[in-house]
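Listed below are the residues making up each chain.
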Amino acid sequence: MVNQRSFFAGHPSYFRQEIMPVLRIFEDRRKLILQKILKIIFLINLLIIVVVILLTFQLISQIAAFVLLPVVVVVFAIFYRQLTKQYKTQFKLQVITAIVNFFDSTLQYDPHGRVSKSQFVQSGLFNASPDRYLGEDRVFGTLGKTRIEFSEVHAEYQSQSTDSDGATHTSWHTIFKGLFFVADFNKQIKGTTVVLPDIAERLFGGVGKFFQNIQKIGRHPELITLEDPVFEKYFVVYGDDQNEARYILTPNLMERIVSFRQRTGQKLRLSFCGENVYVAIPSDHDMFEARVFRTLWSKTLIKSYVDDMAMAIGVVEELNLNRRVWTKP
């Protein structure tokens, strides 16, 4: 795999040759957009001052003022979206595509695409099925011998409650938000094996086994016991078949999963189902968003994009997915 450090190395580096010329263009665009936004904000502040003065001298009713202010906020939100939408899309198509191509020129990038909801559900990584499923920044293609795709995903389920007055309230709850990765696995799989963060074992020690067995209800029928204390410190495994789970989770693969967990510091989830391995890496930040209120002329910013991309496609190397020693029928 390409080392992300080489992105900035060399004379000229990929960063200087491919990224900086495009950044100059987008930084100029950003400044023009920011000027327009600041003018709108100035006018809004001026309007608020006028409304306050009118209220003070009772030249306008409180009802009119409270109706006017939300309308102003909505109008500003519409203007802001219109001013920044094309800028952000073009930034992704040019800058992020160039970063993706640095790692592998055969990979494709779709800023508006996402891993399908059906793939998310099929992974078996989460108990709840999403009622609302959003995503962006889909990267897909083949790395070496491995077909991959990943994107940011935000999956939510809906719940309703009734208060004491009989009014119904709708709430949205996050199932998962972060990077969702799908790859072709190098073994034939009949059932499903799920690897989850093991919170119970770390908090309660041996007593945690009891909670693990309770937790499996609604997932898969068996708690899989593996003879790797380091792996079981971080993860708990459920599956349809003990033997198949051990066939999939070889000592080498468990060591690699632990290494990936330690390096990223994320409570990742994995599942092995059908022909695929699924990896869910939680994250609260948007991976490839273009700035508006801060300069794009930042090596640190570009490095964050490169590091996010390296982490995503690094799953292939971390899990050794290109090692095709098992031939599928």
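The coordinates are above.
Parameters at a glance
Residues numbered from 1 in each chain as written. Predicted model: local features only at pLDDT ≥ 70, side-chain atom pairs only at ≥ 80, totals over all residues. Heavy atoms only, no water. Buried < 20%, exposed > 50% of the residue type's maximum accessible area, 1.4 Å probe, protein only. Helix = DSSP H or I, 4+ residues; strand = E, 2+ residues; numbered from the N terminus. Pairing = 2+ DSSP bridges. Axes fitted to C-alpha atoms, helices over the stretch in contact; angles between N-to-C directions. Parallel < 35°, antiparallel > 145°, perpendicular 65-115°, else oblique. Left-handed = near helix turned anticlockwise from the far one by under 90°. Contact = heavy atoms within 4.5 Å. Nonpolar A, V, L, I, M, F, W, Y, C, P; charged D, E, K, R; others polar. Phe/Tyr/Trp six-rings, centres within 6.5 Å; stacked < 30°, edge-to-face > 60°.

Q: Go over the pairing of strand 9 (residues 276-282) with me, naming the residues and quoting the values.
A: Counted residue by residue, strand 9 has 6 buried out of 7 residues, so it is predominantly covered. Pairing analysis gives 5 bridges linking strand 8 (residues 269-273) to strand 9, with the strands arranged antiparallel. Looking at the pairing, Phe-272 lines up with Val-277 of strand 9.

Q: Lay out the packing of helix 8 (residues 251-264) against helix 9 (residues 299-318) in plain terms, naming residues and giving numbers.
A: Closest axis-to-axis distance for the helix 8/helix 9 pair is 10 Å, and the angle between their directions is 155 degrees. Judged on the interaxial angle alone, helix 9 and helix 8 are roughly antiparallel. Classified by chirality, the crossing of helix 9 by helix 8 is right-handed. Contacts between helix 8 and helix 9 involve Arg-256, Ser-259, Phe-260, Arg-263 and Thr-264 from the former and Met-311, Val-315, Glu-317 and Glu-318 from the latter. Here the residues of the contact of helix 8 with helix 9 sort into 3 nonpolar, 2 polar and 4 charged.

Q: Explain the packing of aromatic side chains to me, and be specific about the residues and the numbers.
A: The final tally for this structure, using the stated rule, is 25 aromatic pairs. Judged by centre distance (6.1 Å) and plane angle (15 degrees), the ring pair of Phe-150 and Phe-181 falls under stacked. Within this pair, whereas Phe-150 is found in strand 3 (residues 146-162), its partner Phe-181 is found in strand 4 (residues 168-184), the two being separated by 31 residues in sequence. For the pair formed by Phe-150 and Phe-181, the shared burial category is buried. Linked through ring pairs, Phe-7, Phe-8, Tyr-14, Phe-15, Phe-102 and Phe-103 together constitute an aromatic cluster.

The analysis is restricted to geometry; functional conclusions fall outside its scope.
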